[in-house]
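Structural overview for review
Spelled out, the chains give:
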Amino acid sequence: MNRKWWKEAVVYQIYPRSFNDSNGDGIGDLQGIIEKLDYLKWLGVDVIWLNPIYQSPNDDNGYDISDYYNIMNELGTMADFDELLEETHKRELNLVMDLVINHTSDEHDWFVESRSSRNNPKRDFYIWQKGKDGKEPNNWLSRFSGSAWEYDEKTGEYYLHLFSRKQPDLNWKNPEVKEEVFKMIDWWLKKGIDGFRMDVINFIGKADGLPDSKKTDSPEQYANQPLVHEVLQAMNREVLSNYDIMTVGETPFVTPEIGRLYVQEERQELDMIFHFEHVYLANFTGENFIKYKEIQKKWYDVIRKNGWNSQYLANHDQPRPVSKFGNDQKYRCESAKLLATMLMTLPGTPYIYQGEEIGMTNVKFSSIENYNDIWTVNKYKEEIAKGRDPEVVLNELQPLSRDNSRTPMQWNSNQNAGFTSGTPWLKVNPNYKKINVEKALLAQDSVLNYYKKMISFRKEHATLVYGSYQPLMEDDQQIYAYIRKSNNESLLVILNNSILEKEFDWNQLELKERDLLIANLPTANKDKGEKTILRPYEARIYSIF
Ligand code: GLC
Ligand code: CA
């Protein structure tokens, strides 16, 4: 397997709005990130990925870009960015930016021109269509609810927006779009950034003739179209390959068979992708846990066949993993540490999302007014319009809302968790006095200190990066066990993801010897018997011989 720096790296994702506010306006900013670089260095991560920081009217918190060459006012200036990049590199950390090129903001100059008249030179930068019998051109739905088409009075045509109506889709069939975007990508790479996370990159090609979807909400007419591969290969050839960078594509609706096409080394498209198969599971219990293990096994195949993969449990679109996949009540610390053990030992590059390292949990705002996430707010309106009970709808949305992961980072027990001296743009999770970085730093056995330990454990064992992956007990609903193996060592990971105890039977392995290297619960290394009783949410890593 080819060695690459990004295969060995641990990535830390920052949602800049919610990370650290340096000037008291309630919004996290670039100077705020600079203040915390030493913390990230201490934690041991190698790469920082920033959610979009470009100029944006913030209809979707930066995923609606109005100027790719400028920094969002609230976040700082280009001088702040240059300083951030320099300070990051000074600490031997890498900086990866979000790249949103499926769509722009409707306030981007290109779109302002495009919508101004049917024969404007920028008209074809976007996807315009006449109506069909006085209705939308096809049945596609916006991922943020309603039709994906918006009628524009001025020119009497519809434009496509797979996300909000303020996020019109670019027309990637137009060579000028390609040229402009590639130029922009090159401009950022010349600045010295270390790579891109590409937003819904597998949506950029739309099926010829824009046919109806088979089911109104199915994505087959715009996900994984052949054009995506053409564009990515050209992008790689013409721009990316000139730099030593990493790329990771956000790709909803991919199976390993499809995913392989993006990441197989010889195809020269992307280094890795984020698939969604595991986050579509409602939890990690019972049958779902077995499915999760199957998903890991299937995706390992992609790595074996000359590709690579990412490992993540959280990001700015997902609920908090300890709430969804672990136990955010009695076993919060134990289960957060179990998830950390898993994240750092499965095959693929691990991604940590801000706050995950202290075991931050979901939040339950008591009113829809407190929610900001456009998906949550639109979904709420849509359900209420059907005549449903507002309280029931709110209860349903609480565990799903993207705001669960967007509440401000919890730094200490001071007002607003030390995130801001002003009023935070989104309310702080009320549990910040109990869960925060300052407190976690002081407690030897905190989730945070365990993350640090697991990150450095991964660094000490290249087997966890390049070693083979062999699952055990595949039908067990409680225990996830696997062996990572290289020429010089074999590591056995055993995870009991349950509130119940469970016995692990050593007879299945016929070992000469075993040596406990790390565990998430205090453990005397004396279990020499044939069976080990694992306590609730216990995680162990052994060296086996
Ligand atoms: C991706 C982003 C999400 C955003 C959407 C539209 O899924 O992760 O936050 O809303 O794309 O850009
Ligand atoms: Ca600020």
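Residues numbered from 1 in each chain as written. Chains lettered and ligands numbered in written order. Predicted model: local features only at pLDDT ≥ 70, side-chain atom pairs only at ≥ 80, totals over all residues. Heavy atoms only, no water.

1. Brief notes about the side chain of Q354
With respect to the helices and strands, the residue Q354 is situated in the loop between β13 (349-353) and α12 (374-385). Classification of Q354 as buried rests on a relative accessible area of 1%. Within the structure, Q354 has its side chain in polar contact with the backbone oxygen of S18 (distance 3.4 Å). Contact partners of Q354, with chain neighbours within four places excluded, come to Y12, Q13, I14, Y15, S18, F19, R320 and M409. (Helix = DSSP H or I, 4+ residues; strand = E, 2+ residues; numbered from the N terminus. Buried < 20%, exposed > 50% of the residue type's maximum accessible area, 1.4 Å probe, protein only. Polar contact = N/O pair within 3.5 Å; in protein donor to acceptor, adjacent residues only side chain to side chain. Contact = heavy atoms within 4.5 Å.)

2. What about the nonpolar core?
In a soluble, globular protein the nonpolar side chains are often hidden away together inside. Core analysis: the largest hydrophobic core is formed by 145 residues, its most contacted members being Y12, F81, W172, I185, W188, F196 and M342. Every residue in contact with I185, bar those within four places of it in the chain, is listed here: L99, F196, M235, V239 and L240. (Core = buried A, V, L, I, M, F, W, Y, C linked by side-chain atoms within 4.5 Å.)

3. Some details on the coordination of the calcium ion (ligand 2)
Within the protein, the calcium ion (ligand 2) binds to D21 (OD), N23 (OD1), D25 (OD), I27 (O) and D29 (OD); these donor distances fall in the range 2.2 to 2.3 Å. Sequence spacing of the donors to the calcium ion (ligand 2): D-x1-N-x1-D-x1-I-x1-D. No difference in accessibility class separates I27 from D29, as the two residues are buried. (Donors = N, O, S within 2.8 Å, 3.2 Å for Na, K, Ca; no water.)

4. A word on the sheet that holds strand β8 (residues 157-160)
As summarised here, the arrangement of the three strands in space is β6-β8-β7, forming an open sheet in which the pairing is antiparallel. Strand pairing shows two members of the sheet lacking a second neighbour, β6 (128-129) and β7 (149-152), which therefore form its edges. With four bridges connecting them, β7 and β8 associate as antiparallel partners. Note that in β8 the partner of W149 across the bridge is L160. (Pairing = 2+ DSSP bridges.)

5. Points about the packing of helix α8 (residues 256-263) against helix α9 (residues 287-304)
Put simply, α8 and α9 touch, their axes get as near as 10 Å, and they point 30 degrees apart. Taken together, the axes of α8 and α9 lie roughly parallel to each other. In the packing of α8 onto α9, the handedness of the crossing is right-handed. Contacts between α8 and α9 involve P256, G259, R260 and V263 from the former and K298, W299, D301 and V302 from the latter. Looking at side-chain class alone, the contact of α8 with α9 contains four nonpolar, one polar and three charged residues. (Axes fitted to C-alpha atoms, helices over the stretch in contact; angles between N-to-C directions. Parallel < 35°, antiparallel > 145°, perpendicular 65-115°, else oblique. Left-handed = near helix turned anticlockwise from the far one by under 90°. Nonpolar A, V, L, I, M, F, W, Y, C, P; charged D, E, K, R; others polar.)

6. With respect to the pattern of salt bridges
One pass over the full model with this rule turns up 38 salt bridges. E8 is the partner of R3 in a salt bridge, and the nearest nitrogen-oxygen pair spans 2.9 Å. By relative accessible area, E8 is classed as partly exposed at 26%. Ionic pairing is found between K166 and D106, a salt bridge with its closest N-O pair at 2.9 Å. With K166 in the loop between β8 and α6 (175-191) and D106 in the loop between β5 (94-99) and α5 (109-114), the pair connects residues that are 60 residues apart, well separated along the chain. D106 sits in the buried class, given a relative accessible area of 12%. (Salt bridge = Lys/Arg side-chain N within 4 Å of Asp/Glu carboxyl O.)

7. Digging into the packing of helix α11 (residues 332-345) against helix α15 (residues 447-460)
Contact geometry for α11 and α15: axes closest at 10 Å, N-to-C directions at 15 degrees. Judged by the inter-axis angle, α11 sits roughly parallel to α15. Of the two elements, α11 crosses α15, and the hand of that crossing is right-handed. On the side of α11, the interface is formed by C333, A336, K337, A340, T341, M344 and T345, while α15 contributes V447, Y450, Y451, M454, I455 and R458.

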